[in-house]
Amino acid sequence: MAALQTLALLSVIGISSSQTSECSYFNLMSHLNLTSSNEALQVARPVKSWNTTTLVQLDMVLFGILGVDEKSQTVALQVLIRMSWRNELLSWNPSEFCGIDMLNIPRSMVWIPDIAIKEDASDTGSVQEDPFLKLDPSGLLSGTSRQQLTYTCQLDLFRFPFDQQNCSLEFYSLSHNSRSLKLETTGNGTAFTIVSKMIKTTEGEWTLVELQVTEDAASTLQRVGSSLQYTVREHQEAVRATWSSSGSRRLQVVMKRRPFLYVINLILPLMFLLFLDLASFFISESKLSFKVTVLLSVFVLLLNLQTILPSTEEHMPMLAVYCVSIFTLVFFGVLEAVLVSFLIEMDDSRREEAKGAVRAEVDNQPKAQRPTEPTEETDETEENQPDDQNLLKLILDKVQLTLLEVLRERQDKRKPGCFRKLAKLIDVVFFAIYLTTIIISLIVLFVIWIGK
């Protein structure tokens, strides 16, 4: 009887010990053949039938928009990428392993899709990958990576700094075609937008408006491999998502630039200088030097434009058109001031010549007819002369002085010369044309610039 009790006790202990061993991760990894090096799990695509397509789900959210480099035509983002796929060779029944429903395994132990970004221009040190993958009982593997992504983009700077950009990120497999690997996403743009705005860590010159996922409408026959495209749009409007049977996806990041800095540092100062140049028409003294100073100030502001806009832009941006237009208007204003100053100097020289001619006529008169100023010696001598002769001489001197004063008054009251009239006419006409051109140009520029 005691022997039977002992045997029963030993059997219970054995059963409990076997159940305890079944509850360990090590036993589960042994069951999945992950305890030793298994090159087949690392190299071969994990499907039971070779013609089965592996569906890779790839999602991307933004931590922040780091900036856009107009010179190098690149966009920098801080992104979080989550990728998941099914491994048909790694599955288990959680009830057989004490309810274990999640297992973390190293990346080096299993096959991972070789997904790359076509437009990627960042270095390998900017990627922070999770060293472990999560495996669920159905064989679904998922992993995340955080990356400071820098990628190339053909920027359209026509409306800079109120510009709208449309850039694409294309994810593709380096070694698999569309029959063996297909890329998709698990969520929609609305969910990605909400998550991105909740987890954002930085937001500089650019602000995120909306994040949308669209599918490329290109036919599968036109593709050798399946690709997933993420389009980064620096735009103020959302773009509708369109779906088709193709395996390609496109994520559109709708973001807009904050133009306040460019308005304060460049647009408004140029406008103020233009108004100062317009106000210079109401001054007469030092008008030319004032206009030259305004022209040099505009030129200094144009140097800042050189450091902003790229030299490879095919079409002249509206900001450059705005700056060049103001510079051209001020330049023509300087030329007009030079012409007016030249005509006024010509008129003044003609006046001097006329005054010189009057003086020459007076100097050529006989000495007896010239007015003389009385002196003490002449007074003494005149006292000794007869009174009639002195009286006649004094009357003649007064008449000569009166004639000279009348000639001088007539000379001063002369109307402006022909050159001065022409200068005044040119100044008035140019002011009217200048003011009209400024108003029309600014209205047209800002309508094209800011208008959608």
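- Per an unreviewed UniProt entry, the chain goes by 5-hydroxytryptamine receptor 3A-like and derives from Oryzias sinensis.
- As its UniProt record puts it under Function (unreviewed entry), the chain is described as follows: "Forms serotonin (5-hydroxytryptamine/5-HT3)-activated cation-selective channel complexes, which when activated cause fast, depolarizing responses in neurons."
- Reading the Sequence similarities (unreviewed entry) entry of the UniProt record for the chain gives the comment "Belongs to the ligand-gated ion channel (TC 1.A.9) family."

## Some words on the overall build of the chain
Then comes step 1: Scanning the chain from terminus to terminus reveals 10 helices and 13 strands.
Then comes step 2: Partitioning the contacts of the chain with sequence separation of at least 6, the portion at a separation of at least 24 is 78%.
Then comes step 3: Element-wise, carbon and sulfur atoms account for 60% of the exposed surface of the chain, whose accessible area totals about 26500 Å².

## Section: the packing of helix α5 (residues 260–279) against helix α10 (residues 418–450)
Then comes step 1: Between α5 and α10, whose axes approach to 11 Å, the crossing angle comes to 165 degrees. The orientation of α5 relative to α10 falls into the category roughly antiparallel. When the axes of α5 and α10 are compared, the crossing they make is left-handed. On α10, the residues touching Ile 267, Met 271, Leu 274, Asp 277 and Leu 278 of α5 are Phe 431, Tyr 434, Leu 435, Ile 438, Phe 446 and Trp 449.

## Observations regarding the side chain of Asp 163
Then comes step 1: Within the secondary structure layout, Asp 163 lies in the loop between β7 (140–152) and β8 (165–173).
Then comes step 2: For Asp 163, a relative accessible area of 2% corresponds to the buried category.
Then comes step 3: A polar contact is formed between the side chain of Asp 163 and the side chain of Gln 165, at a distance of 2.9 Å.
Then comes step 4: Polar contacts involving the side chain of Asp 163 include one to the side chain of Arg 257, which spans 2.7 Å.

## Considering helix α4 (residues 189–199)
An α-helix turns once per 3.6 residues; consequently, residues spaced three or four apart project the same way.
Then comes step 1: Those residues of α4 lying buried are Gly 189, Phe 192, Thr 193 and Ser 196. One side of α4 carries all its buried residues, which in axial view fall inside an arc of 100 degrees. In α4, those exposed residues whose orientation departs by more than 90 degrees from the buried face are Thr 190 and Met 198.

## Things to note about the pattern of salt bridges
Then comes step 1: Tallying each qualifying case throughout the model produces 6 salt bridges.
Then comes step 2: For the salt bridge of Glu 184 with Lys 182, the shortest nitrogen-to-oxygen distance reads 3.6 Å.
Then comes step 3: A relative accessible area of 18% means that Glu 184 is categorised as buried.
Then comes step 4: Taking the relative accessible area as the measure of exposure, Lys 182 reaches 27% and is therefore partly exposed.
Then comes step 5: Beyond isolated ion pairs, a larger network of salt bridges with shared partners links Glu 70, Asp 163, Glu 205 and Arg 257.

## Some points on the environment of Leu 149
Then comes step 1: With respect to the element layout, Leu 149 can be found in strand β7.
Then comes step 2: Residue classification places Leu 149 among the buried residues on the basis of a relative accessible area of 0%.
Then comes step 3: Placed 32 residues apart in sequence, Leu 149 and Ile 117 show a C-alpha to C-alpha distance of 9.8 Å.
Then comes step 4: With residues near it in sequence (within four places) discarded, Leu 149 still touches Val 75, Ala 76, Leu 77, Val 79, Ile 117, Asp 120, Ser 122 and Leu 169.

## A look at the environment of Ser 325
Then comes step 1: Mapped onto the fold, Ser 325 is located in helix α7 (residues 318–363).
Then comes step 2: Between the C-alpha atom of Ser 325 and that of Leu 442, which follows or precedes it by 117 residues, the distance is 9.4 Å.

## What about the nonpolar core?
If you look at soluble globular proteins, the nonpolar side chains tend to sit buried side by side.
Then comes step 1: One finds Leu 34, Val 75, Leu 319, Tyr 322 and Tyr 434 to be the most contacted residues of the largest nonpolar core, which totals 81 residues.
Then comes step 2: With 9 residues, α7 is the largest single contributor of residues to this core.
Then comes step 3: In contact with Leu 319, other than residues within four places in its own chain, are Phe 160, Leu 266, Ile 267, Leu 305 and Trp 449.

## Thoughts on the packing of aromatic side chains
Then comes step 1: For the coordinates displayed, the defined rule picks out 13 aromatic pairs.
Then comes step 2: The interplanar angle of 70 degrees and the centroid separation of 6.0 Å between the aromatic rings of Tyr 322 and Phe 446 together place this pair among those described as edge-to-face. In this pair, Tyr 322 sits in helix α7 while Phe 446 sits in helix α10, placing the two residues 124 residues apart along the sequence.
Then comes step 3: For Tyr 322, a relative accessible area of 0% corresponds to the buried category.
Then comes step 4: Among the aromatic side chains, those forming a connected cluster through ring pairs are Phe 281, Phe 282, Phe 430, Phe 431 and Tyr 434.

Thresholds applied
- The numbers attached to residues start from 1 for each chain and follow its sequence in the written order.
- Residue-level local features of this predicted model are given only where pLDDT is at least 70; pairs of side-chain atoms are given and counted only at 80 or more, and the full residue set underlies all totals for whole chains, interfaces and linings.
- As a rule here, side-chain values cover all heavy atoms of the structure and leave hydrogens and water aside.
- UniProt positions are given in the numbering used here, feature names are shortened, and annotations may be inferred rather than shown by experiment.
- By definition, any uninterrupted DSSP run of H or I lasting at least four residues is a helix, any uninterrupted run of E lasting at least two residues is a strand, and each is numbered from the N terminus.
- Only heavy atoms matter for contacts: two residues are in contact if any of them lie within 4.5 Å across the pair.
- Using a 1.4 Å probe, accessible areas were evaluated by the Shrake-Rupley method; residue-level cover was limited to the displayed protein chains.
- Helix axes are fitted only over the stretch in contact, all axes being lines through C-alpha atoms; the angle between N-to-C directions runs from 0 to 180 degrees.
- Any angle between 65 and 115 degrees counts as roughly perpendicular, while under 35 counts as roughly parallel, over 145 as roughly antiparallel, and the rest as oblique.
- Crossings are sorted by hand: turned counterclockwise from the far helix by less than a right angle, the near helix makes the crossing left-handed, and turned clockwise it makes it right-handed.
- Only protein chains enter the accessibility calculation, which uses a 1.4 Å probe; a residue whose area is less than 20% of its type maximum is buried, one above 50% is exposed, and one in between is partly exposed.
- Side-chain atoms alone can form a polar contact between residues adjacent in sequence; in general such a contact is a pair of N or O atoms within 3.5 Å, and within protein one must be able to donate a hydrogen while the other accepts it.
- The reported arc concerns the directions from the helix axis to the C-beta atoms and nothing else.
- Salt bridge, as used here, is a side-chain nitrogen of Lys or Arg placed within 4 Å of a carboxyl oxygen of Asp or Glu.
- We define a nonpolar core as any set of buried Ala, Val, Leu, Ile, Met, Phe, Trp, Tyr and Cys residues linked to one another through side-chain atoms lying within 4.5 Å.
- Aromatic rings from Phe, Tyr and Trp, with only the six-membered ring used for Trp, were paired whenever their centres fell within 6.5 Å, and each pair was classed as stacked if the ring planes differed by under 30 degrees, edge-to-face if by over 60, and tilted otherwise.

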